[in-house]
Amino acid sequence: MWQDMRIGTGYDVHRLADGKELWLGGVRVPHEKGAVGHSDADVLLHVICDALLGARALGDIGTHFPDTDPNFKGIDSKILLARTWDIVRADAEGGDWSILNVDTTLCLEQPKVRGIVDQMRACISEVLDLHIDRVSVKATTTEGLGFVGEQRGVSAHAVVLLVR
């Protein structure tokens, strides 16, 4: 029986710009616009980092990987996710934490990502050493409303359940 359960949530936004690469869930997505950020700006992996850290009350991604640190300039967000999971497990308060599940929602108008959702799930599950059935990636639009609807940005949400 589990001794403890913790839920964490994450939310992130990145501006889209011409000529940048678009990384979502650890997968490079062909598109004329990409996300702008200090790292590779993978909004989906960033929200999972925040959800993991939030579940353990360990701050947020900017606390551990500040955008003022040149060591993280252009870094692959898969590395940030792996390091985040290491941080969460290292501060284990006398018990071993496991991820029960990760549930994410990606918000963008274009490109449509239905065809690569399974690739994103596989990448996330590999980085976290988690069975793919425990990773959910959903995508939605904002029906043309707001910065996402106007294709000026991408956002994502995540919920993570940790058990010990």
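A brief look at the structure comes next.

All right, on to the packing of helix α1 (residues 43-55) against helix α3 (residues 77-90) then. Contact geometry of α1 with α3 gives a least axis separation of 9 Å together with a crossing angle of 5 degrees. In terms of orientation, α1 lies roughly parallel with respect to α3. Facing Leu 45, His 46, Ile 48, Cys 49, Leu 52 and Leu 53 of α1, the residues of α3 in contact are Ser 77, Lys 78, Leu 80, Leu 81, Thr 84, Trp 85, Ile 87 and Val 88. Classifying every residue of the contact of α1 with α3 by side-chain character gives 10 nonpolar, 3 polar and 1 charged.

Another point: the pattern of salt bridges. Evaluation of the coordinates by the stated rule reveals 8 salt bridges. As a salt-bridge pair, Asp 118 and Arg 121 come within 3.2 Å of each other at their nearest N and O atoms. Of this pair, Asp 118 and Arg 121 both sit in helix α4 (residues 117-127), separated by 3 residues, roughly a single helical turn. Here Asp 118 falls in the exposed class, since its relative accessible area comes to 51%. Residues Arg 152 and Glu 150 are paired through a salt bridge, measuring 2.7 Å at the closest nitrogen-oxygen approach. Relative accessible area serves as the criterion here: at 48%, Arg 152 is assigned to the partly exposed category. When its relative accessible area of 47% is taken as the criterion, Glu 150 is described as partly exposed. Counted as one network, the salt bridges with shared partners bring together Asp 4, Arg 6 and Arg 164.

Let us now look at the environment of His 157. Within the secondary structure, His 157 is located in strand β7 (residues 153-163). Overall, the relative accessible area of 38% leaves His 157 in the partly exposed class. His 157 sits 110 residues away from Val 47 along the chain, and the two C-alpha atoms are 6.0 Å apart. Apart from the residues within four sequence positions on either side, His 157 is in contact with Gly 10, Tyr 11, Val 47, Asp 103, Thr 104, Thr 105 and Cys 107.

About the thresholds
- Residues numbered from 1 in each chain as written.
- Predicted model: local features only at pLDDT ≥ 70, side-chain atom pairs only at ≥ 80, totals over all residues.
- Heavy atoms only, no water.
- Axes fitted to C-alpha atoms, helices over the stretch in contact; angles between N-to-C directions.
- Helix = DSSP H or I, 4+ residues; strand = E, 2+ residues; numbered from the N terminus.
- Parallel < 35°, antiparallel > 145°, perpendicular 65-115°, else oblique.
- Contact = heavy atoms within 4.5 Å.
- Nonpolar A, V, L, I, M, F, W, Y, C, P; charged D, E, K, R; others polar.
- Salt bridge = Lys/Arg side-chain N within 4 Å of Asp/Glu carboxyl O.
- Buried < 20%, exposed > 50% of the residue type's maximum accessible area, 1.4 Å probe, protein only.

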